[in-house]
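# Summary of the model geometry
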Amino acid sequence: MPFFSKLRHRFAKSKLTSANSLHVVNEPGNTYNDPGFGIKVLVPGTTPTVDIVAIHGFDGHREESWTADNGKLWLRDFLPHTIPTARILSYGYDAYTNSSLSEQTLHGHAQDFLAKLSMSRETGETKDRPIIFISHSLGGIILKSALIEANVAHEGHLMPRKWIHLSTYGIVFLGTPHQGIDMLPFSLCSRPNNILLKYLTANCEPLQQQISHFNAITAHFHIKFFYETLPTSLPVHSSAIIVPKASAVLPGAVNIEPISMHKDHTGMSKFQSVDDDDYKSVLCVVQDMIKKAPATVDARWIKFNQQNDHNSQGPIYMSKHRSSPRFVGQEKYLSKLRSFFAPENSHSMWNHFLLYGMGGVGKTQICLKFIEELVSNDCRVLSHFWRIFWIDGTNAETLINGLSSIADDPEGISKGIKKSREAVLTWLTATNKKCLIIFDNANGMDGAVKDYLEQTCQIYVLITSRNPGLASHVTDSLEVLSMESDQAISLFQAAAKFDKKLNTISQEWLEKIVTQLGFLPLAIDIAGAAISTGLCGITEYLMMHEKYHADIFDADNPSMKGALGYNHTVYSTLKLSYDLIEKQAILMKSAQDALFVLKVLAFFHHQNIMERIFKQAAELPPAKTYDGKLQTTSSDLPAQLLTCNNDGQWESLKFRIAIQVLCDYSLLTRDPATQYSYSWTMHPMIQMWIRSQALGNGDTLHYYAARALIVGSINRSDRMNDILFRQELLPHVIAIQGVANAKKQGYYDDVCERSANVYTQAGKWLNAELLQIQVVENREQILGTEHPETLRARASLADTDRQLGRWTDAEQLEVQVLEASQRILGTEHPDTLTARANLADTYRRLGRWTDAEQLEVQVLEASQRILGTEHPDTLTARANLADTYRQLGRWTDAEQLEVQVLKARKQILGTEHPETLRARANLAVTYLQLGRWTDAEQLQVQVLEASERILGTEHPETLRARANLADTYRRLGRWTDAEQLEVQVLEARDQILGTEHPDTLRARANLAATYCQLGRWTDAEQLEVQVLEASERILGTEHPETLRARANLADTDHQLGRWTDAEQLEVQVLEASERILGTEHPDTLTARANLADTYRQLGRWTDAEQLEVQVLEASERILGTEHPDTLTARANFAATYLQLGRWTDAEQLQVQVLEASERILGTEHPETLRARANLAVTYLQLGRWTDAEKLEVQVLEAREQILGTEHPDTLRARANLAVTYCQLGRWTDAEQLQVQVLEASERILGTEHPETLRARANLADTDHQLGRWTDAEQLEVQVLEATRANLAGTYHQLGRWTEAEQLEVQVLEASEWILGTEHPDTNSQGQLGCYISSAGQMD
């Protein structure tokens, strides 16, 4: 029984807002002195990571076109404050419509633009930098022409143009006339530029051709179209919309979105202030593009480099890590690496090298510099590497994640490499291409990396570590020592930004200071950064360092006890930089803020310190205290850094200035590309020192501020952006919880409640439960047991109990919540209805579907009466009731409700609203139950495509839609398609949620189920063992999900013929289910039925019969005599009667099942067809071959029509009919069908799939009956392992008795070992295969 995706979660209610309007004046005349042609850098950017390129329109100028009448050039004056890492360029050209002097054509303008932009980006640092274009009016037409040219550019001098196409991520079109404009306004010019204007006539041929060519490449870009809504003043006292919306939006393009501006045509490119609503719209678009651009553009460049690898002398480096621009010297180590990794120095199977040394000595920088040599071709002798991968070796988890991510390599994706370390290492070892893996910072015990070294014997490996013990596990190693004096001085000069031409006295001081700093690169870099600020000179710094070095490592300083000797210099350097900022703080407020921020961040996790934490803590409402009764962290928030404007938006300038100070001193480093605005990293050594100083001095202020910021940034929104943010926040929550546990802090309501929300989303329910228990207990004591917030806390705890499979505990809490809500709030208060719905959900999990139905009917009726029939909560109540009807087998009733819900949501919310998608997905599930698989598939494809387009490919709802479609493909027998989707789901959940999140385990279980269908039972078993072990560890041995994992593994053992192992697992599942869920819970009945099936396989038919009687009686009593599950129980009971030879009893039950199925489900429902096929098998046993034939023909025709001619169920029907033809002596007809089955099975399932082997064995049996023993032998040899008994029978016929005897002994011994000496198949060993063929296959 595989896991199936759940559909009962609600989407967040999201609102779509449009930009507000603001009227602006028309463009003034050109007041700039220069003609404004060519590229001009308006803003160079701070360590730029993206290029924003603007191109003006009609009668424009590269600066004035973007300048408002108050003199503000928004590209220069506004944008850099929000996006400091953008280099902003503007391009100018002769675009004057009232001049006939220029004879430049549109194509010529595009060529000039490409040439000039290419020249500004040809350096190695900028050529692959993402580009965002902002084009106004005619500029958009020129830009499109340029990008069309760039797309077709190839080798030689035109290659830089191709680079522009590769790097372009986003385009903002401001009033671009894609379909032309009315020429009347321009005809009023005294000397119109007809050469330029002829390209802009409405619907002219050049424009139409451009639209066609550009549409072919729009999928490559993220595009936004802005259009004007105000008329532009024209000569002769008239006005007009220059570019109407119909022309401003490109027809037929993909990835587009039109946005209105309350401006005229010339005003679209000008904004007077940052408060301009239209500016905010453009800024929002650009910010979103910049967040997403790096990953997309990097992937394009990796693919491009891979495709052009044969033209390159260097390998492809699969990482964004780069060496410091201040790197100097270290030639001794670089030379050793070049020699070791040179192609002529292959070291047999093992090519592993270790760089080890103390922290801060520069091991990582040496590796990065070495890699850059390889990639830049400066070391051409080493160009034999195909790929270079950088892996964080800090611990086992980072090693696993890093190795798994190698599967994202384009070639790995194309080959379908699984995202696991085992699959990646197997792939890299098997490939004939040489690759280099760097394990950086592998400082743990030997075993952290040792295990992987043994698996990478054919792979080149470079390791950096502080652990010299790893040297015994590698081919060669080298210790990295402190820098040489001259190298250290060079590094210090670069960090301090000194002129290299120093006098003798300065040189002496430099030698003294680098000596005092121990020649350690990290310490030198920090010290140089401090001096570069100009706060002190070298002599002063040296004296201060000598003083602080002694103070820091005073024997009485508890924070430094046990510190390694080589860290002393680094920490003293940190102390000095800290005190320099402190000195600066006397005069400068920004330095005070920097010190405060540094101390606060010391209590965060050291990586991914997101600016959004501060933004949300500033903008979200504080936690409620209820007249001060509940203690919260709101008062600990650092108000001086969280100022908001009148609109409630955080003013980030003060925070960013403080951060910049810390970055200037190298105490923080900015992350290169992040998903959430900006983020930074603090070196662990720096963080450890700052934190130890604070805790050692009893400083709790900054810890409290850190805790308040992290907790204050948590909201409960279900928007994808917020979900991912909370996921990124988890390490920070764990960090503050760790300090809180160590200090045994008192109870803070918001800390416990909001942290529990983060743990819940991450699937860490045990962590959440501990906090939620505190919330419930404290609110009961402080607010009272029946306060609404107490009830809400109790409901949250119940939800966690539900997730943990503690359904009885959840029920107890929810009954309390419901009774109190009814008494205090009234029976029809919204919170009471929610409590009733939650209790119904728990009843549903407990299998008490009638109780669930009763509550849900109450909720639905009350919602309809109070809120109205189309209120969102009413529709949710209707959907929940439909889900219960589905569980009760009332699929038609469920369908009726779900159709109502879908219709209402389409009408109210639109066809692609997330709630509408949810309704469509639920209806698809019901269609599956009704056997309308094609209808289900159609709906699920719609849901998946819309989810990918609206929510993104990795949104949880998109992954759920993909999993549901895979389930349908599994039912349709399209197992390869199902596998493809399920691998995508599993890889995404592994990456986003983690390998042991419950949803990830469910995805792994689903993939295992598909592997079972594909006959890949060993692969299935491997996944199922992983799921079971993780479930036992995380959820506990008796959690319902753990029991389900154990049952799945038992089913695989069953398929592998390991029935004793299956029995052992199934007994465990049954006993636990009876104890936890009760003897009549649906899951308990399923466990009993599974065990009965195994007993049937073991020949213990009486034991099987006893269990099946229990299942049938309970199903009839609980579900009713005609519930689908009851019919299944009756069919299973009939199968046991068949094994016992009680064929008449079996027939009686199967007739009942068939008649009920036809009446309830319809004559062509898959379950009805299965019932008909099973009855036909019984007729075969009774010798009623004509009756069997009649039924089997019906089954075959229906399945061919409904499922298709090659669906596995259709093939099984054809095989069964062939068996009946054999019994009727119609051997030729049987052979014809069996050949069809075999050919289709080989084509669809593969030559070694169990169904294919069975088809081959059946055809061999027919050949046997026809006396064609040689043909039979040939087929049976192919299935020797599966049908050894059949081959022995054929050898008897051929007189090859010795060979027959040998095989029969093997069959007998295997049967005794697997089945037992008394099993019927053991006693009839030689006839086993013949029995399978003559009896036909039960469905």
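Residue numbering note: each chain is counted from 1, following its sequence as written. Local features in this predicted model are restricted to residues whose pLDDT is 70 or higher, and side-chain atom pairs enter the listing and the counts only when it is 80 or higher, whereas totals over whole chains, interfaces and linings include all residues. The side-chain quantities take in all heavy atoms of the structure and omit both hydrogens and water.

### Notes on the pairing of strand E5 (residues 168-174)
Cut-off, in case you're wondering: Note on classification: 1.4 Å probe, protein chains only; a residue is buried when its accessible area is under 20% of the maximum for its type, exposed when over 50%, partly exposed between these limits. The helix count covers DSSP runs of H or I at least four residues long, the strand count covers runs of E at least two residues long, and both are numbered beginning at the N terminus. Strand pairing follows a simple DSSP-based rule, namely that at least 2 bridges must link the two strands.
Within E5, 7 of the 7 residues are buried, which leaves the element mostly enclosed by the surrounding structure. Judged from the 6 bridges that link them, strand E4 (residues 131-136) and E5 form a sheet pairing that is parallel. By the bridge assignment, serine 135 is partnered in E5 with phenylalanine 173. As judged from the 5 bridges shared by E5 and strand E6 (residues 222-228), these two strands associate in the parallel manner. Across the sheet, residue leucine 174 finds its bridge partner in E6, namely phenylalanine 226.

### Section: helix H39 (residues 975-992)
Using the following cut-off: One less than the number of residues in a helix, times 1.5 Å, gives the span that helix is expected to have.
In a regular helix each residue adds 1.5 Å, so 18 residues correspond to 26 Å; H39 covers 25 Å between its end C-alpha atoms and thus fits that length. Listed as buried for H39 are Trp975, Ala978, Glu979, Leu981, Glu982, Val983, Val985, Leu986, Ala988, Arg989, Asp990 and Ile992. Among the residues trailing H39, glycine 994 stands out with phi positive, at a value near 105 degrees.

### Remarks on the pattern of salt bridges
To be explicit about the condition: Here a salt bridge means any side-chain nitrogen of Lys or Arg lying within 4 Å of a carboxyl oxygen belonging to Asp or Glu.
One pass over the full model with this rule turns up 67 salt bridges. The partner of glutamate 63 in a salt bridge is lysine 40, with the nearest N and O atoms 3.1 Å apart. Of this pair, glutamate 63 sits in the loop between strand E2 (50-55) and helix H1 (74-77) while lysine 40 is found in strand E1 (residues 38-43), placing the two residues 23 residues apart along the sequence. Classification of glutamate 63 as buried rests on a relative accessible area of 5%. One salt-bridge network, in which partners are shared between bridges, spans Asp799, Arg802, Glu814, Asp841, Arg844, Glu856, Asp883, Arg886 and Glu898.

### So, the sheet that holds E2
This is how the line gets drawn: Working convention: axes come from line fits to C-alpha atoms, limited for helices to the stretch in contact. Angles between N-to-C directions cover 0 to 180 degrees. Contacts were defined at the residue level, with two residues in contact if any of their heavy atoms lie within 4.5 Å.
Taken in spatial order, the 7 strands of this open sheet run E1-E3-E2-E4-E5-E6-E9, and their pairing is mixed. Edge strands, defined here as strands with exactly one partner in the open sheet, are E1 and strand E9 (258-261). Taking each pair of neighbouring strands and ignoring which way they run, the sheet shows an average axis angle of 20 degrees. The pairing of E2 with strand E3 (residues 86-92) spans 6 bridges and is parallel. Its bridge partner being in E3, valine 50 is matched across the sheet by alanine 86. Where helix H3 (residues 106-119) meets the sheet, it contacts E1, E2, E3 and E4, and its direction lies at approximately 145 degrees from that of E3. Relative to E5, helix H5 (residues 159-167) is tilted by about 80 degrees, and along the sheet it contacts E4 and E5.

### What about unusual backbone geometry?
Despite not being glycine, serine 137 has its phi angle at roughly 55 degrees, a positive value. Residue position: serine 137 is located in the loop between E4 and helix H4 (138-152). What makes serine 137 buried here is its relative accessible area of 0%. The phi angle at aspartate 627 is positive, at roughly 60 degrees, despite the residue not being glycine. Summarising the element assignment, aspartate 627 is placed in the loop between helix H23 (611-619) and helix H24 (653-664). Under the relative-accessibility criterion, aspartate 627 is labelled exposed at 80%.

### As for the packing of helix H33 (residues 849-866) against helix H34 (residues 872-887)
Between two packed helices, both the angle of their axes relative to each other and the distance between the axes serve to describe the pair. For the record, the criterion: In these notes the angle categories are as follows: under 35 degrees is roughly parallel, over 145 is roughly antiparallel, 65 to 115 is roughly perpendicular, and the rest is oblique. Helix crossings get a hand from a simple test, with the near helix turned counterclockwise from the far one by less than a right angle marking a left-handed crossing and a clockwise turn marking a right-handed one. All residues other than Ala, Val, Leu, Ile, Met, Phe, Trp, Tyr, Cys, Pro, Asp, Glu, Lys and Arg, Gly among them, are scored as polar; the first ten of these are nonpolar and the last four charged.
The N-to-C vectors of H33 and H34 enclose an angle of 160 degrees; their axes lie 9 Å apart at closest approach. The angle between H33 and H34 places the two elements in the roughly antiparallel class. Here H33 and H34 pass one another in a crossing that is left-handed. Listed contacts from H34 to Trp849, Ala852, Glu853, Glu856, Val857, Val859, Leu860, Ser863 and Gln864 of H33 are Thr874, Ala877, Arg878, Asn880, Leu881, Thr884, Tyr885 and Gln887. For the contact of H33 with H34, the per-class residue count stands at 8 nonpolar, 6 polar and 3 charged.

### Here's the deal with the nonpolar core
Worth spelling out the cut-off: The definition of a nonpolar core used throughout is a set of buried Ala, Val, Leu, Ile, Met, Phe, Trp, Tyr and Cys residues joined through side-chain atoms within 4.5 Å.
If you look at the biggest cluster of nonpolar residues, it comprises 105 residues, and the most contacted ones within it are Trp74, Leu75 and Phe604. In terms of residue count, helix H10 (residues 277-307) provides more of this core than any other element does, 11 residues in total. With near-sequence residues (within four places) excluded, tryptophan 74 lies in contact with Trp66, Leu79, Pro80, Ile134, Ser269, Lys270, Phe271, Tyr279 and Val282. Residues Leu117, Ile141, Leu143 and Ala146 belong to the second largest nonpolar core, which totals 38 residues.

### Concerning the sheet that holds strand E17 (residues 669-670)
With respect to topology, 3 strands assemble into an open sheet ordered E16-E18-E17, the strand pairing being antiparallel. Edge positions in the sheet fall to strand E16 (609-610) and E17, since each has one partner strand and no second. Across 2 bridges, the pairing between E16 and strand E18 (residues 679-681) is antiparallel. When the bridges of E18 are listed, isoleucine 609 appears paired with tryptophan 680.

### Some thoughts on the confidence of the model for the protein chain
This is how the line gets drawn: The pLDDT value expresses, per residue, how confident the predictor is, ranging between 0 and 100.
Averaged over every residue, the pLDDT of the protein chain is 77; residues scoring 70 or more account for 78%. A low-confidence stretch, residues 186-193 (pLDDT under 50), is modelled with 21 contacts involving residues beyond four sequence positions or located in other chains. Counting contacts from residues 1310-1316, a segment whose pLDDT is below 50, to residues more than four positions away or on other chains yields 14 contacts.

### Concerning the packing of aromatic side chains
Keep this limit in mind: When two rings of Phe, Tyr or Trp (its six-membered ring) have centres within 6.5 Å they constitute a pair, described as stacked for plane angles under 30 degrees, edge-to-face for angles over 60, and tilted for the intermediate range. Two limits define a charge over a ring: the Lys NZ or Arg CZ must be within 6 Å of the ring centre, and within 35 degrees of the ring normal.
On inspection of all chains with the given rule, the structure shows 25 aromatic pairs. Here tyrosine 91 and phenylalanine 113 contribute two aromatic rings whose centre-to-centre distance is 4.8 Å and whose plane-to-plane angle is 55 degrees, an arrangement assigned as tilted. Of this pair, tyrosine 91 sits in strand E3 while phenylalanine 113 sits in helix H3, and the two are 22 residues apart along the sequence. What makes tyrosine 91 buried here is its relative accessible area of 3%. Geometrically, the ring pair formed by tyrosine 703 and tyrosine 704 is tilted, given 5.8 Å between the ring centres and 50 degrees between the ring planes. Residue tyrosine 703 is classed as buried on the basis of its relative accessible area of 1%. Judged by its relative accessible area of 23%, tyrosine 704 falls in the partly exposed class. Each member of the aromatic cluster is reached from another via a ring pair, and the members are Phe604, Phe614, Trp650, Phe655, Tyr678 and Trp680. One cation-aromatic arrangement involves arginine 707 over tyrosine 748; the distance from NZ or CZ to the ring centre is 3.9 Å.

### A word on H23
Across the 9 residues that make up H23, a large majority, 7, are buried. Three or more residues of H23 are buried, namely Glu611, Arg612, Ile613, Phe614, Gln616, Ala617 and Ala618.

### A short note on the side chain of serine 863
Relative to the helices and strands, serine 863 is located in helix H33. The class of serine 863 is buried, set by a relative accessible area of 2%. Sequence-distant contacts of serine 863, that is, excluding residues within four places in its chain, are made with Leu833, Gly868, Thr874 and Ala877.

### Remarks on the pairing of strand E14 (residues 460-465)
Within E14, 6 of the 6 residues are buried, leaving the element largely enclosed by the surrounding structure. Here E14 shows no split at all, with Tyr460, Leu462 and Thr464 on one side and Val461, Ile463 and Ser465 on the other all buried. Sheet analysis places strand E11 (residues 351-356) next to E14, joined by 6 bridges and oriented parallel. Within the sheet, the bridge partner assigned to tyrosine 356 lies in E14 and is serine 465. Relative to E14, strand E13 (residues 434-440) runs parallel, the two sharing 4 bridges. Within E14, the residue paired with leucine 436 across the bridge is tyrosine 460.

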